[in-house]
Amino acid sequence: MHREWNDTQPIYRQLRDRVAAMILDGELNEGDPLPSVRTVSAEYRVNPLTVLKGYQELVDEGLVEARRGLGMFVKVGAAKQLLQAERERFLSEEWPRVRETIDRLGLTEQELWAAPKRRAAKKKET
């Protein structure tokens, strides 16, 4: 997790999103423990209640389970559930805006596919 917080949404929500990203990216796997509330609180200098609230959102979503006396653990199927939810959110919220921009700029399919290759070539030059 990176240490920077932004002002666009509450810290507990950003924390929830970071843990979700770690699950999607395979940094946290099914059955893995989440860092303790105390550890995250101290390391990122946030209130323990803020960390707990972020973790509770993950519990409420069925992605994480609390084991009494042991901590929080990634549930079986969490990555699959997150991937499905993120795909649906992207297609319903982000893709329409992206598609609108593509149409507005008159970009062709060939230009879109070539863009990553051009960017990689520029990186090699520098």
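Scroll up for the structure.
Residues numbered from 1 in each chain as written. Predicted model: local features only at pLDDT ≥ 70, side-chain atom pairs only at ≥ 80, totals over all residues. Heavy atoms only, no water.

Caption draft 1: Broad picture of the environment of Leu70. In this structure, Leu70 sits in the loop between β1 (64–67) and β2 (71–74). With a relative accessible area of 63%, Leu70 lands in the exposed category. (Helix = DSSP H or I, 4+ residues; strand = E, 2+ residues; numbered from the N terminus. Buried < 20%, exposed > 50% of the residue type's maximum accessible area, 1.4 Å probe, protein only.)

Caption draft 2: Representation of the pattern of salt bridges within the structure. Inspection of every chain in the model, using the stated rule, returns 10 salt bridges. The closest approach of N and O atoms between Arg67 and Glu65, which form a salt bridge, is 3.0 Å. With a relative accessible area of 32%, Arg67 lands in the partly exposed category. Using a relative accessible area of 29% as the deciding quantity, one classes Glu65 as partly exposed. (Salt bridge = Lys/Arg side-chain N within 4 Å of Asp/Glu carboxyl O.)

Caption draft 3: Region of interest: the packing of helix α1 (residues 11–24) against helix α3 (residues 48–60). Two elements in contact, α1 and α3, have axes separated by 8 Å at closest approach and are oriented at 50°. Classed by the angle they form, the pair α1 and α3 counts as oblique. Handedness of the α1/α3 crossing: right-handed. Judged by residue contacts, Ile11, Tyr12, Arg13, Leu15, Arg16 and Val19 of α1 engage Thr50, Val51, Lys53, Gly54, Tyr55, Glu57 and Leu58 from α3. Within the contact of α1 with α3, the residues separate by chemical class into seven nonpolar, two polar and four charged. (Axes fitted to C-alpha atoms, helices over the stretch in contact; angles between N-to-C directions. Parallel < 35°, antiparallel > 145°, perpendicular 65-115°, else oblique. Left-handed = near helix turned anticlockwise from the far one by under 90°. Contact = heavy atoms within 4.5 Å. Nonpolar A, V, L, I, M, F, W, Y, C, P; charged D, E, K, R; others polar.)

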